[in-house]
Amino acid sequence: GAVATLCEAVERGDHADALRLQRELFPVNQAVFFDTNPVPLKAMLALRGIGTADVRPPLAQLDRAAQERVERVLDSYDDDRWSAAAGWRQQLVET
């Protein structure tokens, strides 16, 4: 996935590529904090078919505005960027 690619770039000393990837991923990092964490993160994962957006009290579901913001961030990314997550989800289903 994109985060693993970023880590690999840092490991090989390619800081320019790592910075490019960090900037590319920054909107997702910001979206995690559109509301109390982990609520936005769970919503993002649920939108990609991984788990549910359900949270336990005292946390509450995202309000409509925050949900729409999260959706816009995810919509700005190509589906190929999430292929690692899809593969991970498939492994869970098969076990």
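Residues numbered from 1 in each chain as written. Predicted model: local features only at pLDDT ≥ 70, side-chain atom pairs only at ≥ 80, totals over all residues. Heavy atoms only, no water.

Describing the nonpolar core
Logical step 1: Of all hydrophobic cores here, the largest spans 13 residues; its most connected members are V28, M44, L62, V70 and V73.
Logical step 2: Mapped by element, the contributors of at least two residues to this core are α2 (15-31), α3 (39-47) and α4 (64-75).
Logical step 3: No other element matches the 4 residues that α4 contributes to this core.
Logical step 4: With residues up to four places along the chain from it excluded, the contact list for V28 reads M44, V73 and Y77. (Core = buried A, V, L, I, M, F, W, Y, C linked by side-chain atoms within 4.5 Å. Buried < 20%, exposed > 50% of the residue type's maximum accessible area, 1.4 Å probe, protein only. Helix = DSSP H or I, 4+ residues; strand = E, 2+ residues; numbered from the N terminus. Contact = heavy atoms within 4.5 Å.)

Points about the packing of aromatic side chains
Logical step 1: One pass over the full model with this rule turns up 0 aromatic pairs.
Logical step 2: The ring of F34 has R69 sitting right over it, with the charged end atom 3.7 Å from the ring centre. (Phe/Tyr/Trp six-rings, centres within 6.5 Å; stacked < 30°, edge-to-face > 60°. Lys NZ or Arg CZ within 6 Å of the ring centre and 35° of its normal.)

Quick look at the side chain of D17
Logical step 1: By the secondary structure assignment, D17 is in helix α2.
Logical step 2: In this structure D17 comes out as buried when scored by relative accessible area, which is 16%.
Logical step 3: Polar contacts involving the side chain of D17 include one to the side chain of R12, which spans 3.2 Å.
Logical step 4: When sequence neighbours within four positions are dropped, the list of residues in contact with D17 reads A9 and R12. (Polar contact = N/O pair within 3.5 Å; in protein donor to acceptor, adjacent residues only side chain to side chain.)

Some thoughts on the confidence of the model for the protein chain
Logical step 1: With 81% of its residues at a pLDDT of at least 70, the protein chain reaches an overall mean of 85.
Logical step 2: Within the model, the stretch residues 88-92 combines pLDDT values under 50 with 4 contacts to residues more than four positions away or in other chains. (pLDDT = per-residue confidence, 0-100.)

Section: α4
The periodicity of an α-helix, 3.6 residues per turn, causes residues three or four positions apart to be oriented the same way.
Logical step 1: The first and last C-alpha atoms of α4 sit 16 Å apart over 12 residues, in line with the 16 Å expected at 1.5 Å per residue.
Logical step 2: Here the buried face of α4 lies against α2 and α3.
Logical step 3: The residue sitting at the N-terminus of α4 and contributing the capping side-chain oxygen is D63; that oxygen lies 3.2 Å from the backbone nitrogen of A65. (Expected span 1.5 Å × (residues − 1).)

What about the environment of R69?
Logical step 1: Tracing the backbone through its elements, the reader meets R69 in helix α4.
Logical step 2: The class for R69 is partly exposed, based on a relative accessible area of 36%.

Here we look at the pattern of salt bridges
Logical step 1: All chains considered together, the criterion is met by 5 salt bridges.
Logical step 2: D14 serves as the salt-bridge partner of R12, at 3.7 Å between the closest nitrogen and oxygen.
Logical step 3: Judged by its relative accessible area of 28%, D14 falls in the partly exposed class. (Salt bridge = Lys/Arg side-chain N within 4 Å of Asp/Glu carboxyl O.)

Focus on the packing of helix α1 (residues 2-11) against α2
When two helices pack together, their arrangement is given by the angle between the helix axes and the distance between those axes.
Logical step 1: Taken N-terminus to C-terminus, the directions of α1 and α2 make an angle of 155°; their axes are 8 Å apart at the nearest point. The angle between the axes of α1 and α2 places the two elements in the roughly antiparallel class. Pair α1 / α2 crosses with left-handed handedness. The residues of α2 that touch α1, namely those facing A2, V3, T5, L6, A9 and V10, are H15, D17, A18, L21, Q22 and L25.
Logical step 2: Of the residues in the contact of α1 with α2, the class split is 8 nonpolar, 3 polar and 1 charged. (Axes fitted to C-alpha atoms, helices over the stretch in contact; angles between N-to-C directions. Parallel < 35°, antiparallel > 145°, perpendicular 65-115°, else oblique. Left-handed = near helix turned anticlockwise from the far one by under 90°. Nonpolar A, V, L, I, M, F, W, Y, C, P; charged D, E, K, R; others polar.)

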